[in-house]
Amino acid sequence: MKISIERATLLRAVAQAQSVVERRNTIPILANVLIEAEGDTASFRATDLDIEVVDRAPAKVERAGATTVGAVTLHEIVRKLPDGALVSLTDDGVSGRLTVEAGRSNFSLATLPREDFPVMASAEYSAEFTAKSGVLRRLFDKSKFAISTEETRYYLNGVYMHVADGEDGRMLRCVATDGHRLARIDAALPAGAEAMPGIIVPRKTVGELRKLLDDDEAEIGVSVSETKIRFATTDITLTSKVIDGTFPDYTRVIPKGNTRRLEVDAKDFARAVDRVATVSSERSRAVKMQLDEDRLILSVNAPDSGNAEEELAVAYADERLEIGFNAKYLLEIASQVDRENAVFLFNSSGDPTLMREGNDTSAVYVVMPMRV
Amino acid sequence: MPSLCRDCLSHSDATPPGAAPRCALCRSPRLVVHPELFELGIAHMDCDAFYASVEKRDSPELRHLPVIVGGGRRGVVTTACYIARIKGVRSAMPMFQALRLCPEAVIVKPRFDAYAEASRAVRDMMNALTPVVEPLSLDEAFMDLSGTARLHGAPPAVMLARLTARMQSEIGITGSIGLSHNKFLAKIASDLDKPRGFSVIGAAQTAEFLRERPVSLIWGVGAVTQGALERAGIRSFADLLRWEKRDLVARFGGMGERLWHLARGHDRRRVTANAPTRGLSNETTFDTDLGDVEILDGHLWRLAEKVCGRAKARGLAGGVVTLKLKRHDHALLARRLTLRQPTQIADNVYRTARALLDQSMDAAPFRLLGVGLGALVPAGRADASGDLLDPGAARRAEAERAADAIRARFGAGAIVKGRALR
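Keep in mind that this is a model prediction, so the values were computed, not measured. Here, residues in each chain are numbered from 1, in the same order as that chain's written sequence. Here the convention is simple: chains get letters from A, ligands get numbers from 1, in the order in which they are written. Since the coordinates come from a predicted model, pLDDT governs what is reported: local features require at least 70, and pairs of side-chain atoms require 80 or more to be given and counted, while whole-chain, interface and lining totals use all residues. In computing side-chain properties, one takes all heavy atoms of the structure into account and sets aside hydrogens as well as water.

### A closer look at the nonpolar core
Generally speaking, soluble globular proteins have nonpolar side chains that are buried together. For clarity, the cut-off: Put simply, buried Ala, Val, Leu, Ile, Met, Phe, Trp, Tyr and Cys residues joined by side-chain atoms within 4.5 Å make one nonpolar core. Residue burial is assigned from relative accessible area. The probe radius is 1.4 Å, only protein chains are included, and a residue is buried under 20% of its type maximum, exposed over 50%, and partly exposed in between. Helix and strand labels come from DSSP, where a helix needs a run of H or I of at least four residues and a strand needs a run of E of at least two; each type is numbered from the N terminus. Contact criterion: two residues are considered in contact whenever any of their non-hydrogen atoms come within 4.5 Å of each other.
Core analysis: the largest hydrophobic core is formed by 103 residues, its most contacted members being Phe 140 and Phe 269 of chain A. Take this core: its biggest share by element is 7 residues, from helix H5 (residues 266–277) of chain A. Once you skip the residues sitting within four places of it in the chain, Phe 140 of chain A turns out to touch Val 159, Met 161, Cys 174, Val 201, Val 206, Leu 209 and Phe 231 of chain A. Leu 37, Val 69, Met 93 and Ile 171 of chain B belong to the second largest nonpolar core, which has 53 residues in total.

### Side note on the interface of chain A and chain B
Spelled out, the test is: Here's the idea: put two parts together, see how much 1.4 Å probe accessible area each one loses, and the total over both is what we call buried area. Salt bridges are counted wherever a side-chain nitrogen of Lys or Arg sits within 4 Å of a carboxyl oxygen of Asp or Glu. Polar contacts here mean pairs of N or O atoms no more than 3.5 Å apart (in protein, one a potential hydrogen donor and the other a potential acceptor; neighbouring residues in sequence count only if both atoms are side-chain atoms). Throughout this entry, Asp, Glu, Lys and Arg are counted as charged residues, while Ala, Val, Leu, Ile, Met, Phe, Trp, Tyr, Cys and Pro are counted as nonpolar. The remaining residues, Gly among them, count as polar.
Between chain A and chain B, the residue contacts involve 19 residues of the former and 15 residues of the latter. Summed over both partners, the interface of chain A with chain B buries about 1,500 Å², with 59% contributed by carbon and sulfur atoms. On the chain A side of the contact with chain B, Thr 152, His 180 and Arg 371 of chain A bury the most area, a combined 35% of that side's loss. Between the two partners, chain A and chain B, sit 1 salt bridge. Between Asp 387 of chain B and Arg 153 of chain A there is a salt bridge, and its shortest N-O distance comes to 3.0 Å. For the pair chain A and chain B, the number of links is 8 residue pairs in polar contact (both at pLDDT 80 or more). Class assignment of the residues belonging to the side of chain A that touches chain B gives a composition of 9 nonpolar, 4 polar and 6 charged.

### With respect to the environment of Cys 174 of chain A
All names here are of chain A. Among the structural elements, Cys 174 can be located in strand E12 (residues 169–177). Distance in space between the C-alpha atoms of Cys 174 and Ala 187 is 8.7 Å, their sequence separation being 13 residues. Apart from residues no more than four positions distant in its own chain, Cys 174 is found in contact with Leu 139, Phe 140, Ser 143, Val 159, Tyr 160, Met 161, Ala 183, Arg 184 and Ile 185.

### Structural notes on the pattern of salt bridges
For the structure on display, the rule yields 59 salt bridges over all chains. Ionic pairing is found between Arg 252 of chain A and Asp 249 of chain A, a salt bridge with its closest N-O pair at 3.8 Å. Residue classification places Asp 249 of chain A among the partly exposed positions, given a relative accessible area of 41%. Of the charged contacts, one joins Asp 48 of chain B and Lys 194 of chain B as a salt bridge, the two residues approaching to 2.6 Å between their closest N and O atoms. Of the two residues, Asp 48 of chain B sits in the loop between strand E4 (42–47) and helix H1 (50–58) while Lys 194 of chain B sits in the loop between helix H7 (183–190) and strand E11 (198–200), which places them 146 residues apart along the sequence. Residues participating in the shared-partner salt-bridge network are Lys 142, Asp 338, Arg 339, Glu 357 and Asp 360 of chain A.

### A closer look at the sheet that holds strand E14 (residues 199–202) of chain A
Residue and element names in this part refer to chain A. For clarity, the threshold we go by: The rule for pairing is simple: two strands pair if DSSP sees at least two bridges between them. Axis lines are fitted through C-alpha atoms, for helices just across the contact stretch, and the angle between N-to-C directions can take any value from 0 to 180 degrees.
Taken together, 9 strands build an open sheet; the order of strands is E14-E11-E12-E13-E26-E25-E24-E18-E22 and the sheet is antiparallel. The outermost strands of the open sheet, each flanked by one partner alone, are E14 and strand E22 (315–316). Judged from the 5 bridges that link them, strand E18 (residues 260–264) and strand E24 (residues 342–346) form a sheet pairing that is antiparallel. Counterpart to Arg 261 in the pairing with E24 is Leu 345. Seen against the sheet, helix H4 (residues 203–210) touches strand E11 (158–166) and E14 and runs at an angle of roughly 70° to E14.

### A word on unusual backbone geometry
Residues and elements named next belong to chain B. Residue Lys 194 is joined to Pro 195 through a cis peptide bond whose omega torsion reads -10°. Position of Pro 195 relative to the elements: it lies in the loop between H7 and E11. Omega for the peptide link from Ala 364 to Pro 365 comes to 0°, which places this bond in the cis form. Here Pro 365 shows up in the loop between helix H14 (346–360) and strand E15 (366–378). One non-glycine residue, Ala 49, adopts positive backbone phi at about 40°. When you line up the elements, Ala 49 lands in the loop between E4 and H1.

### Thoughts on the side chain of Arg 153 of chain A
Following the sequence through the fold, Arg 153 of chain A ends up in the loop between helix H3 (133–141) and E11. Within the structure, the side chain of Arg 153 of chain A is placed 3.4 Å from the side chain of Glu 150 of chain A, a separation counted as a polar contact. Side-chain polar atoms of Arg 153 of chain A contact the side chain of Asp 387 of chain B, separated by 3.0 Å.

### Things to note about the confidence of the model for chain A
Residues shown with low pLDDT carry predicted positions that ought not to be read at fine detail. Quick note on the threshold: Per-residue confidence from the predictor is given as pLDDT, running between 0 and 100.
The share of residues in chain A with pLDDT of 70 or more is 99%, and the mean pLDDT across the chain is 93. Within chain A, no element has a lower average pLDDT than helix H6 (residues 327–334) of chain A, which sits at 91, and none a higher one than E14 of chain A, at 97.

### Details of the UniProt feature "binding site: Mg(2+)" (unreviewed entry) in chain B
All names here are of chain B. As a reminder, the rule being used: UniProt positions are given in the numbering used here, feature names are shortened, and annotations may be inferred rather than shown by experiment.
The positions that UniProt labels "binding site: Mg(2+)" (unreviewed entry) are, in the present scheme, Asp 46 and Asp 139. Despite a sequence span of 94 residues, these residues sit close together in the fold, their greatest C-alpha distance being 5.9 Å. Relative to the elements of secondary structure, Asp 46 occurs in strand E4. On the basis of relative accessibility, which here comes to 13%, the residue Asp 46 falls in the buried class. Excluding its chain neighbours within four sequence positions, the residues that come into contact with Asp 46 are Asp 139, Glu 140, Gly 175, Ser 176, Ser 190 and Lys 194.

### Re the confidence of the model for chain B
Per-residue confidence for chain B gives a mean pLDDT of 89, with 98% of residues at or over 70. Across the interfaces of the predicted complex, the ipTM metric reaches 0.79, alongside a pTM of 0.67.

Structure follows, in structure tokens:
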């Protein structure tokens, strides 16, 4: 194999590959990226056996072929090459080395045979549709903060993507929860997605997917089966296994009868929460919200280090309420609000609280209060 | 001279007359008379033949028989009751030798669970007297009761006599008290009058008390140090007093300095309450190895309940649950899981431990099962937030608290879960 490729193009491809490979890998080949050259394309494939990403980049292929080389090292090298350089990758098929040359730099890297590289079995996809990059980005960006890291409830370690009956008909919905908070994000159902089975997209896949979604208008091809999901742009294909488990019935978790309504500027609110939380160094800092007639007092009382209080003008017309929350959770949900005011709906100080942006029900958050 | 009756706890600043005075109120001869009796505050409590006493309490038919706790693999005496001690049986003696001295002795295998429970009960009683309790082992502890007289309305000596009386009536075991002005002397005192003893060493008598005693009385002076001291011609405290401090230090290093002070009855070490508890755990060893998850489950629940009972009693909660398993070949397995928030609810601990057990059943059968609670924090921060996905958890926790309240009022057996009977 012998190819020449633009440094920037190569960098993008190997960057994607090196973030998929497992750092602490015990199987050497899984640390490698498979480079295949044919026609006028070089493809870069990396996998951790759960996720596979393939990046196809234009390249001048002088001799077709394939080899595998350490993804992290190759990425480091390419990153340090000068911008605009033309990089040539040569594998003579005999020495077991890949030569990387750019300008006066010359590297020789150990390779492993391409035959050893595990290629993910292709699946029968039961639904295929396309969605705007911006739509997918919103679905996952706004839900991923609530993904659980708890190992015993492994079925919460991802985002549950499925077709749901919303208030305005069927929609594409993403839900994530860790038992403390929950995010439910809706989008219009793309044509072809109706038959999609509900699947749990693992946390790492959500992170890798994000790198494909920078261009708002790009169309992303989505293919879904019971066991796999695939996202494809024109250059990159990301295939991932889904979490084999049943996502709990989240609909029962979302409170319907909460009537006490608080409306507050999300940014002012977040800043105030952040300020009062400063006095406590505990991991789960509790912020107390005292609500009374258009007035909100936020306070933190940390017996060991101090206390803090801040008052905010808000819209609140219900009876007095005192309720506590984990400061981090409040900040996380408040930071999801970017256009309108944050609207909180409370029941009692022991019941789950609902938060949304204005009257928009396409993004709803639930957070469990904390005893203070 | 101040006196205190250990039976009726009456005390006065005057001693009843006579060569062998008796209590003016109850005529008991168990009178403590000492000029500094009501001034001293550092105490050492040592249970009498602790393991054997617990065995006699639990098996009354053993009461008047010589009992030796021990056996097991090493075949040595762990504890001998006082009847067996009369025959010359001592702790750490090989079992065959003990039986030669006392062939009629009943040998009981140790039941550490029962001892730990009795020890905990004693410790709770001590903690009620003073926050400064320094346990040395299951059956002995230092206490500093200085300055508690106003709080209790009685001087330390009275409270200590009451402690041993309560230990006897409520727990069913006896202990001996040493009362003095420092730890060194309190520990010596508790050993002077065993069992059911109460000895006082006052400041004024200290020098004279020590003078003719052997230096082996010093805690920490074992056979090796004793040999070294002997080679230097030091057998008694009087011998020690003849040495200059720097000569002792030159010969015995750091120990020399300590010896110089102890020779004069000086001991500046403070009684320090136990280092904060790092973790709580309970375990049980089965008679036969168990591989049935349903039977293990019953044990698991009881252990979780025990651990959490202790956490609740101490106002603690834990953020990490550990499961300890020993396989038939004694190979040890330990599994741990960090909780979303600290808990003291047995139901949470049980459910977490059960998930860990389910993951470990491949290694069954087991000979030992243990449940632990670690990363302890004050209970105020425990169980602060519910679980969105398990709304029943809050109700189960409430039910558990209600059951705890019932038990607190009507006794430990007043209400149990069906699961506990498995």
